[in-house]
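# Structural overview for review
One letter stands for each residue in the lines below.
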Amino acid sequence: MKRLLRIDWDVIAGITAAVIAIVLHLLHIVDVEVLFTIILVLLALLLFRDLRRESHDEHLGEAVNQIKGGVKSIEFSLAPPAAVLIGPRYLRSESRRFVETARGEMVWFNVCFLMFRSQEVFDLLLKPAIENPLVRSIQFISDESERDLWTLNMLSKIKECDGSGKVLEPRWRTLPQTVSFILAETEQKGQTEALLSFWGEPFMARTIDKQVPRYVFWVHGHSDLVAQLVDLERKHRI
């Protein structure tokens, strides 16, 4: 039924009538005047059909333009989020995507080295950053209490990675155990973005002798919070 409705029946009817008129003329059943009359009527019908379709197309074009204008106004009214909360379900994949798309200098601020005792966690987070050719250097700003863990859990694993020379000696400071973040310029947007987490529940789950991230915020480059994190990092770096 749908195929039948898509057929242009008025064109088929016009062609059929014209063929019949020509055949009748060849058989000397109708005169030339009748043939011309039939042709003129068919031409008038086709012209009327085209005018009607042209009017329909104009209305359709106006409707499409109105829809486009409405969509653009909606896009302009929707401000992109400053940060996105990433939960346990997507934490691994999004964290890996962040380090794989990073470039330039990466700063790891107040990160717990105990979680890197697991080779799986190291291979998920830090190794892709070290072996990322677009990352120029990796600077840790860490609490004094992490010195032994750096030696035990980090150095040997880092040396086994390609590009281990880009990992700089941590800057040891006395840091409050309140906030932890990774700063890097992202390849896709060309802006400095951050993975931000907080010490303690519910953002970090405490297991045996360590804090494991459970929720992180992906802070986008247009957020004012990025500037605050950069200032915090520079303050403790100096």
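Residues numbered from 1 in each chain as written. Predicted model: local features only at pLDDT ≥ 70, side-chain atom pairs only at ≥ 80, totals over all residues. Heavy atoms only, no water.

### Concerning the sheet that holds strand S4 (residues 171–173)
Note the following rule: One bridge is not enough; two strands pair if DSSP finds at least two bridges between them. The way it works is that DSSP assigns letters per residue, a run of H or I at least four long becomes a helix, a run of E at least two long becomes a strand, and they are numbered from the N terminus. The axes used here are C-alpha line fits, helices contributing only the stretch in contact, and every angle between their N-to-C directions lies in the interval 0 to 180 degrees. Any pair of residues with heavy atoms lying within 4.5 Å of one another is described as a contacting pair.
Reading across from one edge, S1-S9-S6-S5-S2-S3-S4 is the order of the seven strands in this open sheet, with mixed pairing throughout. In this open sheet, the two strands that pair with only one neighbour each are strand S1 (83–86) and S4. Neighbour to neighbour, the strand axes of the sheet diverge by 15° on average, direction disregarded. Running over the sheet, helix H4 (residues 91–100) touches S1, strand S2 (102–109), strand S5 (179–186), strand S6 (192–198) and strand S9 (216–219) and is turned about 125° from S2. Relative to the sheet, helix H7 (residues 224–237) contacts S2, strand S3 (135–143), S4, S5, S6 and S9, its axis offset from that of S5 by approximately 110°.

### Regarding the packing of helix H5 (residues 119–130) against helix H6 (residues 147–159)
As a reminder of what qualifies: In these notes the angle categories are as follows: under 35 degrees is roughly parallel, over 145 is roughly antiparallel, 65 to 115 is roughly perpendicular, and the rest is oblique. In this scheme, a crossing is called left-handed if the near helix is turned counterclockwise away from the far one by less than a right angle; it is called right-handed if the turn is clockwise. Ten residues, namely Ala, Val, Leu, Ile, Met, Phe, Trp, Tyr, Cys and Pro, are considered nonpolar, four, namely Asp, Glu, Lys and Arg, are considered charged, and the remaining ones, Gly among them, are considered polar.
Packing of H5 against H6 leaves a shortest axis separation of 11 Å and a crossing angle of 55°. In terms of orientation, H5 lies oblique with respect to H6. As H5 runs across H6, the sense of the crossing is right-handed. Contact residues: Gln119, Phe122, Leu126 and Ile130 in H5; Met154, Lys157 and Ile158 in H6. Among the residues making up the contact of H5 with H6, the classes are represented as five nonpolar, one polar and one charged.

### Remarks on the pattern of salt bridges
Opposite charge on two side chains permits them to pair, given that their charged atoms come into close proximity. The condition that has to hold: A pairing counts as a salt bridge when a side-chain nitrogen of Lys or Arg comes within 4 Å of a carboxyl oxygen of Asp or Glu. The buried label goes to any residue with under 20% of its type's maximum accessible area, the exposed label to any with over 50%, and the partly exposed label to all in between, with areas taken from a 1.4 Å probe on protein chains only.
Within this structure, the stated rule accounts for five salt bridges. Across the salt bridge formed by Arg97 and Glu94, the nearest N and O atoms sit 2.4 Å from each other. With Arg97 and Glu94 both in helix H4, this residue pair falls three residues apart, about one helical turn. We classify Arg97 as partly exposed; its relative accessible area is 35%.

So yeah, pure geometry; function would need other evidence.
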